[in-house]
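# Structural description and commentary
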Amino acid sequence: MTSPAAAPRRVRRPEWAGRNYVLLTAAAIVTNLGTHGALIAAAFAVLDAGGDGGDVGLVAAARTLPLVLFLLIGGAIADRVPRHRVMVAANALNCLSQAAFAFLVLTGDPQLWQMMLLTGLCGAGQAFFNPAAEGMLLSSVSGEQANRAFALFRMAMHGAAIGGAALGGALIAAVGPGWVLAIDAAAFALAGALRAFLDVSHIAPREPGGGMLSDLREGWREVIGRPWLWSIVLQFSVVVAVVGAAEAVYGPLVAEDELGGAAPWGLALAAFGAGTVGGALVMMRWKPRRLLLAGTLCVFPLALPSAALAVPLPVAGLAAVMFFSGIAIEVFGVSWMTALHQEIPEEKFSRVSAYDWFGSVAMLPLATAVAGPVESLVGRHEALWGCAALVVLVTAAVLFVPDVRNLTRRTHEVAKAEAAALAVSADAEGPAGRLG
């Protein structure tokens, strides 16, 4: 008979890791395992079908254009109806579109328009999913441990990206891109099943009235009234565009021509994922007082991967650069989510998130579509150096916004002090002042 002392100890979840948080984290792991391999697979499916860099860019643009078009609608819907329903429906669409893409690649000779259409459907699903998912995550944690919760979530998500990118690159080299796309379809199905069990009973139902345009105007006022918010969204409209073009178009081409194919590029992306895990570990313990100043300074290293591809560095050097940039951007990511959680009202989470996503990806379809023609016009290495320079310039510019430099983490002690100051102010005004 086993003695009580020998019985295994039960592992307890932290108080801030509730049921929704656990389900969201598990589903994000599953999704990222599939998606990061599938992104590489889509590029190599185009190349295997006889496409060139311009065709790779067109397929990447076809994914992001619907994302841009439907994001704001997705955010408004996610703040009005139960967010988990939006997430499950989007996962179902992604599952079906990736399954069809896999079928075409595995059974025949996919045409460019077919690949663009199916990746476009996947992008439309993401447009509705992203604001709902971010709003759901922001509402699933509370208190001073939000920083740690977001860091752990992102660590799990990016840890899955390591396996997804490395496994995807290896599988593409071994059996071709079609099977990687099929795995992604299965991952969306499983993730959607997990998200169906999310509980939204703690979120107060929205009052009827207003309509879609009124909801969008409300979200816009929330964004435009905060200089730190709209300035960083503008910054990332450029950063995401040029980094996306470098990774979606130039990266696979450099890998194909100079690094040895899909497997080395998958290794480099896995190194970036490993860096984000390292950055999340840092943010589990580090709570920078000036959230956005620390985060913005860590955007500068995102210029390094483009520069490394421009040289190009050997695979080991590229992987090291990707690892370091992964650490840095994760410091920004956790700081950004903590700032949104701290400053934005819960009932507007998804709409603000939609404007954030919209600004961040608005220029991405154009950037990926013109990446091929720009390469033909000025050369691939010159285009990559231009990507690196733009990241540095816009990140330096946003540091001139005072709120970006000065926004401070609101600790429990700070919140108590603010409440006490408000109470003193109200007492000083007297009854007349409070009624006025």
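Residues numbered from 1 in each chain as written. Predicted model: local features only at pLDDT ≥ 70, side-chain atom pairs only at ≥ 80, totals over all residues. Heavy atoms only, no water.

## Points about the packing of aromatic side chains
Considering all chains together, one arrives at five aromatic pairs under this definition. Between tryptophan 228 and tryptophan 336, the ring centres sit 5.6 Å apart and the planes meet at 75°, which makes this aromatic pair edge-to-face. Highlighted residues: tryptophan 228 in helix 8 (residues 227-259) and tryptophan 336 in helix 12 (residues 315-343), separated in sequence by 108 residues. Seen in terms of ring centroids, phenylalanine 332 and tryptophan 336 are 5.9 Å apart; in terms of plane orientation they differ by 15°. Their pairing is stacked. Of the two residues, phenylalanine 332 and tryptophan 336 both sit in helix 12, four residues apart, roughly one turn of that helix. The buried category is assigned to phenylalanine 332, whose relative accessible area is 7%. (Phe/Tyr/Trp six-rings, centres within 6.5 Å; stacked < 30°, edge-to-face > 60°. Helix = DSSP H or I, 4+ residues; strand = E, 2+ residues; numbered from the N terminus. Buried < 20%, exposed > 50% of the residue type's maximum accessible area, 1.4 Å probe, protein only.)

## As for unusual backbone geometry
In this model, valine 311 is joined to proline 312 through a cis peptide bond whose omega is -15°. Note on placement: proline 312 falls in the loop between helix 11 (303-310) and helix 12.

## As for helix 6 (residues 177-195)
Each α-helix turn comprises 3.6 residues. Residues three or four places apart therefore point the same way. Its 19 residues place the ends of helix 6 27 Å apart at the C-alpha level, agreeing with the 27 Å of an ideal helix rising 1.5 Å per residue. Buried residues of helix 6: Pro177, Gly178, Val180, Leu181, Asp184, Ala185, Ala187, Phe188, Ala191, Gly192 and Arg195, and no others. As for helix 6, its buried residues are in contact with helix 1 (19-48), helix 3 (83-107), helix 4 (112-139) and helix 5 (146-175). (Expected span 1.5 Å × (residues − 1). Contact = heavy atoms within 4.5 Å.)

## Quick word on a nonpolar patch on the surface
A grouping of Leu65, Leu69, Phe70, Ile73 and Met212 is seen on the molecular surface, where their side chains present a nonpolar patch of about 430 Å² in accessible area. With respect to the helices, strands and loops of the structure, phenylalanine 70 is situated in helix 2 (residues 53-78). For phenylalanine 70, a relative accessible area of 33% corresponds to the partly exposed category. (Patch = residues over 30% accessible without salt bridge, like charges linked within 9 Å, V, L, I, M, F, W, Y side chains within 5 Å. Areas by Shrake-Rupley, 256 points an atom, 1.4 Å probe, with all protein chains shown as cover. Salt bridge = Lys/Arg side-chain N within 4 Å of Asp/Glu carboxyl O.)

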